[in-house]
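# A look at the structure
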Amino acid sequence: MNSFQLHQPKDLGSAASFANSGGDTRFLAGGQSILASMKLGLASPDAMIDLSLVPDLKSISVSNGVVKIGAMVKHADVAANAEVQKAIPALAELAGGIGDRQVRNMGTLGGSLANSDPAACYPAAALGLGATIHTDKRSISADSFFLGLYETALEAGEIITAVSFPVPEKAAYVKFKNSASRFALVGVFVSKGSQGVRVAVTGAGSCAFRATDIETALAGSWTAAACNAVKMTSDNLNGDLHASAEYRAHLIPVIAGRAVAAAK
Amino acid sequence: MSVNVTMKVNGQSVSATIEASMTLVEFIREHLRLTGTHVGCNTSQCGACTVHINGRAVKSCSLLVAQAQGAEVLTIEGLAAANGDMHPMQAAFKEHHGLQCGFCTPGMVMSACELKGKLVDPTDEQIRASIDGNICRCTGYQNIVTSVKAGLAAMA
């Protein structure tokens, strides 16, 4: 790993001002993606801003039909939180299935969303529940947050502070794992409720996206059969040595159907 | 850039001035000379470097030392009693021969210890799912699962 300046601010304002000090500056949340990238030489920041000492980024609250989770809350803490388990069991289960146990003890919600890894789980939950991503500057709907491969609507120096997930009537997330990396080969989050019927896919494209054809089919009939009747195009889907684009296109409605069957 | 860090490792206070880019496992092995914690892949896959930070299992190759600032760190060297008696999980791995070459063992044991209170009378499948962050390249999982089960029972 190349050397870098390390800042450990104790408030959000200082964190933002370090980010505007020039050079390639990155935020450090749990570090479970960026540190690996730095070791591989894929990232080589001049400075890092560790957000772990900034207060107010670590709380979880459930009220008025909304689960609000701080950006620095770790996956293991979302998975084990009784209020989240009760309000949106699919979200707790998703968090409990990210990476492995050690990764879940460090990785954070904000870090995962800001990274927009094409196969990460949390982006599917944010899109699939119609979440709102709060930053130190504004609120962004999940629908306009994920822009592409490792690309989001965040501006340079903008810090995610929390995410609000509307509580659905029913939801589930099913992940078809790459058995080596444990990332989603295809993962699908389905929900229905105040945000309508939503179907969000991860692992198959350059970033998480909504499968609108499946949403239309499920709005007509909330059944696995309705999913299976949808034919997805493989255009713009990922193809690699683990799975062709056509195979991923086939998997999406199949996994969506399994999620509908599991939804609660 | 140098940073000052202070933490407790196996109950002892430790302070040092280190490079900001130093990972926790480098600090533990090369600065503190506690070489029981192993580096297998150094890419967060294998879990050989697993230690506890404030009671939680983490992969020390994927943490900056600065991320453990002020923390209580527990490594494999801190498990046994002062008189040398093995920790129940270590004893279970010995009794059930939960190792072949032994390289993954420190990480396996540390990972398994974190399961105390989280898995009650677990099935083999639950144990396998819970240690999926630890890889045994000898594929000696049968006895590892048996050891974890016995160790958890002894710790209960």
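Numbering of residues starts from 1 in every chain and runs along the sequence as written. The order in which chains are written sets their letters, starting at A; the order in which ligands are written sets their numbers, starting at 1. It should be noted that, the model being predicted, local features are given only for residues of pLDDT at least 70 and side-chain atom pairs only at 80 or more, the latter also being counted only at that level, while totals for whole chains, interfaces and linings use all residues. Each side-chain value is derived from all of the structure's non-hydrogen atoms; neither hydrogens nor water enter the calculation.

### A look at the overall build of chain A
Keep this limit in mind: Think of it this way: any DSSP run of H or I at least four residues long counts as a helix, any run of E at least two long counts as a strand, and we number them from the N terminus. The globule rule is 2.2 Å times the number of residues to the power 0.38, and the radius of gyration it is compared with is taken over C-alpha atoms. Residues count as neighbours in contact if any of their non-hydrogen atoms are within 4.5 Å of one another. When charges are counted, Lys and Arg contribute as positive and Asp and Glu as negative, whereas His and the chain ends are disregarded. The atom standing in for a charge is NZ when the residue is Lys, CZ when it is Arg, CG when it is Asp and CD when it is Glu.
Helix and strand content of chain A: 11 helices and 14 strands. Relative to the 2.2 N^0.38 estimate, which gives 18 Å for 264 residues, the radius of gyration of chain A is 18 Å and therefore close to what a compact globule would have. The C-alpha extent of chain A, read off along each of the three principal axes, is 55 × 45 × 30 Å. Once local pairs closer than 6 in sequence are excluded, the contacts in chain A between residues at least 24 apart make up 58%. In chain A, 22 positive and 21 negative side-chain charges are present, and the distance between their average locations comes to 8 Å.

### Considerations on the overall build of chain B
The following threshold applies: Burial classes: relative accessible area under 20% of the type maximum marks a residue as buried, over 50% as exposed, and values in between as partly exposed (1.4 Å probe, protein chains only).
Secondary structure summary: chain B contains five helices and five strands in total. For chain B, the N- to C-terminal ordering of α and β elements is β-β-α-β-β-β-α-α-α-α. A compact globule built from 156 residues should have a C-alpha radius of gyration of about 15 Å, and chain B, at 15 Å, falls within 12% of that. Each of the three principal axes of chain B carries a C-alpha extent, and together these read 45 × 35 × 25 Å. Residue burial in chain B is summarised as follows: out of 156 residues, 52% are buried.

### Looking at the side chain of Asn178 of chain A
Mapped onto the fold, Asn178 of chain A is located in the loop between β11 (170-177) and β12 (184-193). For Asn178 of chain A, a relative accessible area of 12% gives the class buried.

### Some remarks on the pattern of salt bridges
The following threshold applies: Any carboxyl oxygen of Asp or Glu within 4 Å of a side-chain nitrogen of Lys or Arg constitutes a salt bridge here.
Here the structure, examined in full by the defined rule, presents 14 salt bridges over all chains. Note that Arg56 of chain B and Asp77 of chain A form a salt bridge whose closest N and O atoms lie 3.1 Å from each other. Highlighted residues: Arg56 of chain B in strand β4 (residues 56-59) and Asp77 of chain A in helix α3 (residues 75-80), drawn from two different chains. Through salt bridges that share partners, Asp100 and Arg182 of chain A together with Lys59 and Asp132 of chain B make up one connected network.

### Looking at the side chain of Glu114 of chain B
Position of Glu114 of chain B among the secondary structure elements: in the loop between α3 (105-113) and α4 (124-130). Not counting residues up to four positions away in its chain, the partners in contact with Glu114 of chain B are Arg101 and Asn105 of chain A together with His52, Gly55, Arg56 and Ala57 of chain B.

### Description of empty space enclosed by the protein
All names here are of chain A. Using the following cut-off: Cavities and pockets were defined on a 1 Å grid built over protein atoms only: a cavity is a set of grid points that admits a 1.4 Å probe from which the probe cannot escape, a pocket is an open set flanked by protein on both sides within 12 Å along at least five of seven lines, and lining residues are those with an atom within 4 Å of any such point. Grid points are joined across faces, edges and corners, and a volume is the space filled by probe spheres set on the points. Under the convention adopted here, Pro, Cys and the residues Ala, Val, Leu, Ile, Met, Phe, Trp and Tyr are nonpolar, Asp, Glu, Lys and Arg are charged, and Gly plus all remaining residues are polar.
In the structure shown here, the tally under the stated rule is one cavity of 30 Å³ or more. Size it by volume and the largest cavity reaches roughly 40 Å³. Around the largest cavity sit Leu129, Pro166, Val167, Pro168, Ser191, Lys192, Gly193, Ser194, Gln195 and Gly196, which together line it. Of the residues forming the lining of the largest cavity, the biggest block, three residues, is contributed by β12. The residue inventory of the lining of the largest cavity, partitioned by class, reads four nonpolar, five polar and one charged.

### Overview of the interface of chain A and chain B
Note the cut-off: Accessible surface is computed with a 1.4 Å probe, and the buried area is the amount of it that two parts give up when combined, taken over both parts together. Here a polar contact is taken to be a pair of N or O atoms separated by no more than 3.5 Å, where protein atoms must pair a possible hydrogen donor with a possible acceptor and residues adjacent in sequence count only if both atoms sit in side chains.
On the chain B side, the residues contacting the 25 residues of chain A number 31 residues. Both sides of the chain A and chain B interface together cover about 2300 Å² of buried area, and 47% of this is carbon and sulfur. Taken as a group, Lys39, Arg101 and Gln102 of chain A account for 30% of the area that chain A buries against chain B, more than any other trio of residues on that side. On inspection of chain A and its partner chain B, the count reaches four salt bridges. Joining chain A to chain B, the criterion identifies 16 residue pairs in polar contact (both at pLDDT 80 or more). Mapped by element, the contributors of at least two residues to the side of chain A that touches chain B are β1 (5-7), α2 (34-39), α3 and α6 (101-104) of chain A.

### Topic: the pairing of strand β2 (residues 12-19) of chain B
Residue and element names in this part refer to chain B. Under the convention used in this document: Here the rule is simple: two strands pair whenever DSSP picks up at least two bridges between them.
For strand β1 (residues 2-9) and β2, the ladder comprises eight bridges, and the chain directions are antiparallel. Directly across from Met7, in β2, lies its bridge partner Val14. Here β1 hands over to β2 after two residues, with Asn10 in that stretch at a positive phi of 50°.

### Some points on the domain arrangement of chain B
All names here are of chain B. In plain terms, the rule: All the domain ranges listed were derived from an automatic or database domain assignment.
According to the domain assignment, chain B contains domain 1 (2-78) and domain 2 (88-155). Here the C-alpha centre of domain 2 lies 21 Å away from the C-alpha centre of domain 1. The interface is formed by 17 residues belonging to domain 1 together with 13 residues belonging to domain 2. Counting each side, the surface lost to burial between domain 1 and domain 2 is near 1100 Å², with a carbon and sulfur contribution of 63%. Where domain 1 touches domain 2, the interface holds zero salt bridges. Our count for the contact surface shared by domain 1 and domain 2 stands at six residue pairs in polar contact (both at pLDDT 80 or more). Those elements that place two or more of their residues in the side of domain 1 that touches domain 2 are β3 (50-53) and β4. When residues of the side of domain 1 that touches domain 2 are assigned to their parent elements, the largest contribution, three residues, is made by β4. In terms of residue class, the side of domain 1 that touches domain 2 is built from six nonpolar, nine polar and two charged.

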